[in-house]
Amino acid sequence: MLVRLLYASRATGGIDNESIEAILGQSRASNPAHGITGILCADVRSGVFMQTLEGGRTAINRLYANIVGDPRHTDVTLLDYAVIDERAFGAWHMGSIAIDRLNAGNILRYSETTTLDPYSMSAAAAQAFLLELARGAAVASRD
Ligand code: FAD
C-alpha cells in the first residue's frame, strides 16, 4: 500500500547549502533501498522546510519517526497523510528546491504573501505547490 505524507518544520540552525546537502546525502543514500520518493523544499530566508514523502506505509511511518526526532529541525507538523494509488514524485529519490531560486509568483499563487508559510496553507495548496515545482524546471536534482 502506497501513502503520501507531507509535513513542515523549522530548521534549528538556519538553512544553507551545506545543511541541505547533508540531508540530501542521507536521503539519497537511504531512500532508494526503502522505495521512498519525494521532494524537499527549503526556504533559505525563513528557515522553513516542507517535505513530501511517498512510499510503502511502513517505510514512510518509519522514516517520519526518524525525521520527527531529528535535532536539525523543530515544530515538525504533519500537514497531510493519505493512501494513494500512484506516486506524483516518482522521479525523485529526493528532489530538492531551494526557495531563494524561485520566482515570488510561484509562492504567491498558493500563499497569502510571497513568504512561504506552510503552517498557514491548506494541505491541498501545499501539495499543489510542491507538485507544480516538481513539474517545472525548479527542482535542483533528481537522485
Ligand atoms: P538509519 O541509520 O538510516 O537506519 C537504521 C536502520 O533502519 C537501518 O537498518 C535502515 O536500513 C533501517 N531503515 C532506515 N530507514 C528505514 C525505512 N524508511 N523503512 C524501513 N527501514 C528503515 N533521511 C532519510 O533517510 N530520508 C529523507 O528523505 C530524509 N529527509 C529529511 C528531511 C529533513 C528536513 C531532515 C532534518 C532530515 C531528513 N532525513 C532524511 C534524516 C533523518 O531525520 C534521519 O537522520 C535519517 O533517517 C537517519 O536516521 P537513523 O540514523 O536513525 O537511521
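Remember, it's a predicted structure, so these values are computed and weren't measured experimentally. (Residues numbered from 1 in each chain as written. Predicted model: local features only at pLDDT ≥ 70, side-chain atom pairs only at ≥ 80, totals over all residues. Heavy atoms only, no water.)

Caption draft 1: Quick peek at the overall build of the protein. The secondary structure content of the protein amounts to four helices and five strands. Secondary structure of the protein in N-to-C order comes out as β-α-β-β-α-β-β-α-α. In terms of overall dimensions, the protein is globule-like: its C-alpha atoms have a radius of gyration of 14 Å, near the 15 Å expected for 143 residues. Overall, the C-alpha framework of the protein stretches about 35 × 30 × 25 Å when taken along its three principal axes. Taken across its 143 residues, the protein has 44% of its residues classed as buried. Within the protein, residue pairs in contact and separated by at least 24 positions form 80% of the contacts whose partners lie at least 6 positions apart. Summed over all atoms, the accessible surface of the protein reaches about 7,000 Å², with 49% contributed by carbon and sulfur. Within the protein, the 15 negative side-chain charges are centred at a point lying 5 Å from the centre of the 12 positive side-chain charges. (Helix = DSSP H or I, 4+ residues; strand = E, 2+ residues; numbered from the N terminus. Rg over C-alpha atoms; globule rule 2.2 N^0.38 Å. Buried < 20%, exposed > 50% of the residue type's maximum accessible area, 1.4 Å probe, protein only. Contact = heavy atoms within 4.5 Å. Areas by Shrake-Rupley, 256 points an atom, 1.4 Å probe, with all protein chains shown as cover. Lys, Arg positive; Asp, Glu negative; His and termini not counted. Charge placed at Lys NZ, Arg CZ, Asp CG, Glu CD.)

Caption draft 2: Spatial organisation of helix α2 (residues 57-68). The end-to-end C-alpha distance of α2, which contains 12 residues, comes to 16 Å, matching closely the 16 Å that a straight helix rising 1.5 Å per residue would cover. Inspection of α2 places A59, I60, L63, Y64 and I67 among the buried residues, and these make up the whole buried set. The buried residues of α2 occupy an angular sector of 125° when the element is viewed end-on, so they sit on one face. Along α2, exposed side chains directed more than 90 degrees from the buried face belong to T58, R62 and A65. The elements touched by buried residues of α2 are β1 (2-11), β3 (48-56) and β4 (73-84). (Expected span 1.5 Å × (residues − 1). Arc of directions from axis to C-beta.)

Caption draft 3: Highlighting the site of the ligand. Not every one of the 20 residues close to the ligand is listed here, only the nearest: S27, N31, A59, R62 and D70. Between an oxygen atom of the ligand and a side-chain N or O atom of Q26, the distance comes to 3.1 Å. H34 is positioned such that a nitrogen or oxygen atom in its side chain is 3.2 Å from an oxygen atom of the ligand. Its free accessible area being 950 Å², the ligand has 70% of it covered by the protein chains. Within the residue set of the shell around the ligand, elements represented by two or more residues are α1 (17-30), β3 and α2. Here the shell around the ligand takes five residues from α2, the largest share from any one element. Looking at the shell around the ligand, its residues break down into nine nonpolar, eight polar and three charged. (Near = heavy atom within 4 Å. Polar contact = N/O pair within 3.5 Å; in protein donor to acceptor, adjacent residues only side chain to side chain. Nonpolar A, V, L, I, M, F, W, Y, C, P; charged D, E, K, R; others polar.)

Caption draft 4: Quick peek at the pattern of salt bridges. Throughout the structure, instances matching the rule amount to five salt bridges. A salt bridge links D43 to R45, with the nearest nitrogen and oxygen atoms 3.7 Å apart. (Salt bridge = Lys/Arg side-chain N within 4 Å of Asp/Glu carboxyl O.)

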